[in-house]
Amino acid sequence: QVRHATLIKRPKRPYTFTQLVTLSDGSAFLQRTTSPAPVYRSTKDLRNAPLWNPSSDRLLRVEDDEAGTLAAFRDKFGRGWDA
């Protein structure tokens, strides 16, 4: 009995592009990605998110919510949920 080797196809890898990522503070870096856009400008990232910067006073003002969802929640349910 003879076993012959079978051809195993390699998985197809997607084409990757070089992309310049610009963060909100102006710093930039290059990365390889499948997105064909040559430049990506971030508005929310590690530099300006309150989760990653808990000591920043500017980011801790939750009254200045962009979508107004916090104000709508307080109008509907009151301020009893505030910590």
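Not measured: the values here are computed from a predicted model. (Residues numbered from 1 in each chain as written. Predicted model: local features only at pLDDT ≥ 70, side-chain atom pairs only at ≥ 80, totals over all residues. Heavy atoms only, no water.)

Trainee: With reference to specific residues and values, describe the side chain of Thr 22.
Mentor: As for its placement among the helices and strands, Thr 22 is situated in strand β1 (residues 17-22). We classify Thr 22 as buried; its relative accessible area is 19%. The contacts of Thr 22, once residues within four sequence positions are left out, are Ser 27, Ala 28, Val 39, Tyr 40, Arg 41 and Ser 42. (Helix = DSSP H or I, 4+ residues; strand = E, 2+ residues; numbered from the N terminus. Buried < 20%, exposed > 50% of the residue type's maximum accessible area, 1.4 Å probe, protein only. Contact = heavy atoms within 4.5 Å.)

Trainee: Lay out the confidence of the model for the protein chain with the relevant residues and their values.
Mentor: Across the protein chain, pLDDT averages 80, with 80% of residues at or above 70. Averaged pLDDT values for the elements of the protein chain fall to 60 in helix α1 (residues 57-60) and rise to 96 in β1. (pLDDT = per-residue confidence, 0-100.)

Trainee: An account of the sheet that holds strand β2 (residues 28-33) is requested, with residue identities and associated values reported.
Mentor: Reading across the sheet, the 3 strands line up as β2-β1-β3 and stay open at both edges, with mixed pairing between neighbours. Both outer strands of the open sheet, β2 and β3 (39-41), are each paired with one neighbouring strand and no more. Averaged over all pairs of adjacent strands, the angle between strand axes in this sheet comes to 30°, irrespective of strand direction. In the sheet, β1 pairs with β2 via 6 bridges, with the strands oriented antiparallel. When the sheet's bridge partners are listed, Gln 19 is paired in β2 with Gln 31. (Pairing = 2+ DSSP bridges. Axes fitted to C-alpha atoms, helices over the stretch in contact; angles between N-to-C directions.)

Trainee: So what's going on with a nonpolar patch on the surface? Which residues, and what values?
Mentor: On the surface, Leu 20, Leu 30 and Val 39 cluster together into a nonpolar patch covering about 250 Å² of accessible area. Checked against the element boundaries, Leu 20 lands in strand β1. (Patch = residues over 30% accessible without salt bridge, like charges linked within 9 Å, V, L, I, M, F, W, Y side chains within 5 Å. Areas by Shrake-Rupley, 256 points an atom, 1.4 Å probe, with all protein chains shown as cover. Salt bridge = Lys/Arg side-chain N within 4 Å of Asp/Glu carboxyl O.)

Trainee: Describe in detail the packing of aromatic side chains, supporting the description with residues and values.
Mentor: Each aromatic ring pair is described using two quantities: the centre-to-centre distance and the angle formed by the ring planes. By the definition in use, this model includes 2 aromatic pairs. Consider the rings of Tyr 15 and Phe 17, whose centres lie 4.9 Å apart with planes at 80°: the pair is edge-to-face. For Tyr 15, a relative accessible area of 62% corresponds to the exposed category. Their ring planes at 45° and their centres at 4.9 Å tell us that Phe 73 and Phe 77 sit as a pair that is tilted. Separated by 4 residues within a single helix, Phe 73 and Phe 77 lie in helix α2 (residues 69-77), roughly one turn from each other. A relative accessible area of 33% places Phe 73 in the partly exposed class. Judged by its relative accessible area of 48%, Phe 77 falls in the partly exposed class. (Phe/Tyr/Trp six-rings, centres within 6.5 Å; stacked < 30°, edge-to-face > 60°.)

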